[in-house]
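Now for the letters of each chain:
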Amino acid sequence: MTGTLYIVATPIGNLDDISARAIHILKNVDLIAAEDTRHSGRLLKHLLVTTPTQAYHEHNEQQLTVQLVEQLRQGKRIALVSDAGTPLINDPGYKLVSAARDNDIDVIPIPGACAAITALSASGLATDSFIYLGYLPAKQEARKKTLFECRHETRTMIFYETPHRIEASIQDIGDVFGEARRVCVARELTKQHEQIVCDSLAVIMHRFKDGTLKAKGEFVIIVEGNTEDISIDDAELLRVHEILAEKLSPKDAAALTARITHSKKNDVYKLALENRDR
Ligand code: SAM
């Protein structure tokens, strides 16, 4: 009998945000693999969990994965926790889960807090379609490049940010997306100094400048997706359509061209018909 790997979400601030099921699992597994044993130790002590812990972080991930998978193969039950929130979401664990799956070991998620989803749920921005992009690059040039690549993104975008880069990132988001774009800055979620401010980038920048939004603590930035029509010239539209129409029916080519260029299918189809006998 192989063992089981539990992926246990822990609170992102408020210690009451742990599920009864998570506590039960943490008390009953053979081992808790923790990103930082000292950090998790405080939570475990609070929960009266006495299960042994083992450090599992980015520096020993490779070597520890082999050891933990071996223990799982021998039938051990292991819980993986990170410092806060859901493991693997900008936290260690991917290699372990992947290796466990490769070895046909059961992987059971114990859901709970995740800063990205917590912020999104209170942002007032569209939740039907969103994209999680983790941390923006630290260096401005790379950050602006990443943002520029997102300029046509219509889905709501979620970023994590640190206190020392939050203002620079907000400024860069404003430069690339325009200051009218709506954003939600979620600071210190579930903690004493929680602040969730949703407004245009212009207002958010002003709030940082006048100190009513503080650059302290942990941040999630939620950015509204692009809602404006992206103008792509007809020649480019026709070129894409022509290439696709070599393999597809004119209608399918129009549908795909519309998706690629963020245009309307009927407009592409009409344009292609008008230019058929050029
Ligand atoms: N695994 C975590 C999760 O499920 O959200 C994320 C870990 S990542 C290393 C840490 C980042 O998550 C922080 O820098 C911040 O951007 C975001 N974060 C974590 N806790 C937060 C909180 N209470 N309020 C706002 N953002 C938070």
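No experiment lies behind these values; they were computed from the predicted model shown.

Participant: So what about the domain arrangement of the protein? Which residues, and what values?
Facilitator: The domains assigned to the protein are domain 1 (4-113), domain 2 (116-223) and domain 3 (234-274). Computed over C-alpha atoms only, the centres of domain 1 and domain 3 are separated by 49 Å.

Participant: Describe the packing of aromatic side chains, with residues and values.
Facilitator: Summed over all chains, the structure comprises three aromatic pairs. When the centroid spacing of 6.0 Å and the interplanar angle of 70° are considered together, the rings of Y135 and Y160 count as edge-to-face. With Y135 in strand β6 (residues 130-135) and Y160 in strand β7 (residues 156-161), this pair connects stretches of sequence that are 25 residues apart. Overall, the relative accessible area of 43% leaves Y135 in the partly exposed class. Judged by relative accessible area, which is 9%, Y160 ranks as buried. With a centroid separation of 6.4 Å and 55° between ring planes, the pair formed by F208 and F219 is classed as tilted.

Participant: Now, about the packing of helix α9 (residues 234-245) against helix α10 (residues 250-261): what can you tell me, with residues and values included?
Facilitator: Relative to each other, α9 and α10 sit at 135°, their axes nearing to 9 Å. Considering their axes alone, α9 and α10 lie oblique with respect to each other. In the crossing of α9 with α10, the sense of the turn from one axis to the other is right-handed. Of α10, the residues touching α9 (which contributes L237, V240, H241, L244 and A245) are P250, A253, A254, L256, T257, I260 and T261. Class assignment for the residues of the contact of α9 with α10 results in nine nonpolar, three polar and no charged.

The rules behind the values
- Per chain, residues are indexed from 1 in the order of the written sequence.
- Selection of residues for local features in this predicted model requires a pLDDT of at least 70, selection of side-chain atom pairs for listing and counting requires 80 or more, and totals for whole chains, interfaces and linings are taken over all residues.
- By convention in this description, side-chain values take in all heavy atoms of the structure and omit both hydrogens and water.
- For the purposes of this description, domain bounds are those given by an automatic or database domain assignment.
- Pairing of aromatic side chains here covers Phe, Tyr and the six-membered ring of Trp, requires ring centres within 6.5 Å, and sorts the geometry by plane angle: under 30 degrees stacked, over 60 edge-to-face, intermediate tilted.
- Strands are runs of DSSP state E lasting at least 2 residues, helices are runs of H or I lasting at least 4, and numbering of each runs from the N terminus.
- Throughout, exposure labels follow a simple rule: accessible area from a 1.4 Å probe, protein chains only, divided by the maximum for the residue type, with under 20% read as buried, over 50% as exposed, and the rest as partly exposed.
- Note on geometry: axes are C-alpha line fits, over the in-contact stretch for helices, and angles between N-to-C directions span 0 to 180 degrees.
- What sets the label is the angle itself: under 35 degrees gives roughly parallel, over 145 gives roughly antiparallel, 65 to 115 gives roughly perpendicular, and the rest give oblique.
- For a crossing to be left-handed, the near helix must be turned anticlockwise from the far one by less than a right angle; the clockwise case is right-handed.
- The contact rule is simple, with two residues in contact once any of their heavy atoms fall within 4.5 Å.
- Here the term charged refers only to Asp, Glu, Lys and Arg, the term nonpolar to Ala, Val, Leu, Ile, Met, Phe, Trp, Tyr, Cys and Pro, and the term polar to all other amino acids, Gly among them.

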